[in-house]
Amino acid sequence: MKKITVGIIFGGASSEHDVSTVSAKSVIEKIDKEKYNLVLIGITKQGEWFVYDGPSDMLPEDKWLGGSIRKGVISPDSLVKGIVTENGETIHLDVVLPVLHGKNGEDGTLQGLLQLAGIPFVGCNSTSSGVCMDKHFTNAVADSCFISQAKWCSFNSYEFSQNKEECLKAAEEKLGYPIFVKPANAGSSVGITKAHNISELEQGMIIAFKEDKKAVLEENIDGLEIECAVMGNENPICAEVGQIKPCNEFYDYEAKYINPDSELIIPANISEEKRKEVKELAVKVYKNLGCEGLSRVDFFVRKSDGKVLFNEINTLPGFTPISMYAKLFEAVGVSYTEVIDRLIGYAISRGDNY
Ligand SMILES: Nc1ncnc2c1ncn2[C@@H]1O[C@H](COP(=O)(O)OP(=O)(O)O)[C@@H](O)[C@H]1O
Ligand SMILES: [Mg+2]
C-alpha cells in the first residue's frame, strides 16, 4: 500500500504555541509510521513558516529552530497541493493535520488557507472553526439552537470605552456577581478573570481586551466541569465523559498547565443517566456548530439542580499524552494511535467537500 503523506503543522503565532509543540511531539511519536509519511511544518511565535527535518523531541521549548530547517509555506494555489520551499521545490501533501491551538490555527484562518489549497485536513472547516473559537458567536449559535448555557452578554472595546458605566451596569443587572470575564477569542484561560465586584469587573474588562477587542461576560455557574470528546463527520460519536477538578478557584492557566494538583476523572463522577444526557448534548452542540473531524465539548453540571449547561467547544483540543481528548477515547478502547488514524480517515473521506 502506498504511504499517505501527512503534513503536521505545529507551533503557531498564538498564546498557545508552547502547548502545540508538546501536542505535536506526541502526535509524531504515536502516528502509524507504516501507513504515513510525515512532513513537519513549524510556525514560529512571530508567524514564520519552516519545514523541519529533525527529531520530534526538539519540538518542546522550540529547540527545533536550532535544528534542520528551511523556509517553506503551504501554497494557496490548488494545483500545487502542498508546500513550496525557499528554493522553489514543491512537496506534495495528501492531507494536513494541524496540531495548533488558539489564534491563527484553531480559528478558521489556517483552515481557510487549506481550503484554498484544496488539501484535505483534519478538523472543522473555516466557518465552523471561526464560530467555535469566538465565544460570543458560539454562545449566540447555542442560544439559537436552544442549547442551555450560562446567562451572558458581550461588549467590544470601542462600545465599552464609549459607554463604560452603562455596560458595567447592564452586565451586573443581567448576570449578578460573581461574573466571568473572557476575551471572546483566546484559549487556555488566558485573559479570563472572575469578578466579585464592580472594580474587579472593570479590571477584568481591561485584562480581556488585552487578548481580543471583544469580551464575553457570563453568570457564574457553580457546577462540575465536564468534558466530552466527539469525533466524526455526518454521524459523530461521543467517547467517555470526563470531569475536571481544578486545583484553583476556577480552571485558570496555572491550574491547567503549571500546578499538578488539578485532577482529570474518567468517567465523570455523575450518574450513568447524566453521562448519557451529556453525550447526547455534546453531539447536538457539535452538529449545530457545523463541526467535522473532532472537537472537545465542555459543559457544567450545575450543583443545585443537576442541569447540564454548555460552556465551550474546542475544535483542536490539546493532544499531549495526558490531554483529556485522547484519554476519553482510550477509556472506550480506542488508542491514541487509532484516534489519529481515524481523524486522518475523516479528513480524507471529506476531501474538498467542506
Ligand atoms: N460561566 C462560568 N461559570 C463558572 N466557571 C466558569 C464559567 N466560564 C468559565 N469558567 C471557568 O473558567 C475556565 C476557562 O473558561 P473557558 O470558557 O473554558 O475558556 P478557555 O477557552 O480559555 O478554556 C473554565 O474551565 C471554568 O473553570
Ligand atoms: Mg475551556
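These figures come from a predicted structure and were not determined experimentally.

Asks: How would you sum up the site of ligand 1? Please name residues and give values.
Replies: Lining the immediate surroundings of ligand 1 are 18 residues, of which A150, E218, I221, F250 and Y251 lie closest. For the shell around ligand 1, the secondary-structure elements that each account for two or more residues are strand 9 (179–183) and strand 16 (308–314). A per-class count over the shell around ligand 1 returns eight nonpolar, five polar and five charged. Looking at which domains feed residues into the shell around ligand 1, each of domain 2 (131–148 + 222–350) and domain 3 (152–219) supplies at least three.

Asks: Break down the nonpolar core for me, with residues and values.
Replies: One finds I8, V181 and A229 to be the most contacted residues of the largest nonpolar core, which totals 95 residues. Contacts of I8, omitting those with residues within four sequence positions, involve A24, V27, I28, L38, L40, I41, L97 and V99.

Asks: With reference to specific residues and values, describe the domain arrangement of the chain.
Replies: Each assigned domain of the chain is listed with its residue range as follows: domain 1 (4–121), domain 2 (131–148 + 222–350) and domain 3 (152–219). Just the C-alpha atoms count here: the centres of domain 1 and domain 2 sit 25 Å apart. Opposite the 21 residues of domain 1 that make contact, domain 2 presents 15 residues. The leading source of residues in the side of domain 1 that touches domain 2 is helix 1 (residues 17–30), at six residues. Of the residues assigned to the side of domain 1 that touches domain 2, the class counts are 12 nonpolar, five polar and four charged.

Asks: An account of the sheet that holds strand 13 (residues 237–245) is requested, with residue identities and associated values reported.
Replies: One key point about sheets: their strands pair by backbone hydrogen bonds, in either a parallel or an antiparallel sense. One open sheet accounts for five strands, arranged 14-13-12-15-16; its pairing is antiparallel. Single-partner strands in this sheet number two, and they are strand 14 (263–265) and strand 16. Sheet twist, expressed as the mean angle between neighbouring strand axes with direction ignored, is 30°. One ladder, built from 10 bridges, connects strand 12 (residues 223–232) with strand 15 (residues 293–302); its direction is antiparallel. Bridge pairing in strand 15 places C228 opposite V297.

Asks: How would you summarise the sheet that holds strand 8 (residues 152–156) if you had to cite specific residues and measurements?
Replies: Spatial ordering of the open sheet is given by 8-11-9-10, a layout of four strands whose pairing is antiparallel. Every other strand in the sheet has two partners, leaving strand 8 and strand 10 (193–195) as the edge strands with one partner each. Strand-to-strand twist across the sheet, computed as the mean angle between neighbouring axes with direction ignored, equals 25°. Sitting on the sheet, helix 4 (residues 135–144) is in contact with strand 8, strand 9 and strand 11 (214–219), with an inclination near 50° to strand 11. Sheet strands in contact with helix 7 (residues 198–211) are strand 9, strand 10 and strand 11, and its direction is about 20° off that of strand 9.

Basis of the calculations
Residues numbered from 1 in each chain as written. Chains lettered and ligands numbered in written order. Predicted model: local features only at pLDDT ≥ 70, side-chain atom pairs only at ≥ 80, totals over all residues. Near = placed C-beta within 6 Å. Helix = DSSP H or I, 4+ residues; strand = E, 2+ residues; numbered from the N terminus. Nonpolar A, V, L, I, M, F, W, Y, C, P; charged D, E, K, R; others polar. Domains from an automatic or database assignment. Core = buried A, V, L, I, M, F, W, Y, C linked by C-beta atoms within 7 Å. Buried ≥ 20, exposed ≤ 12 C-beta atoms within 10 Å, placed from the backbone. Contact = placed C-beta atoms within 7 Å. Pairing = 2+ DSSP bridges. Axes fitted to C-alpha atoms, helices over the stretch in contact; angles between N-to-C directions.

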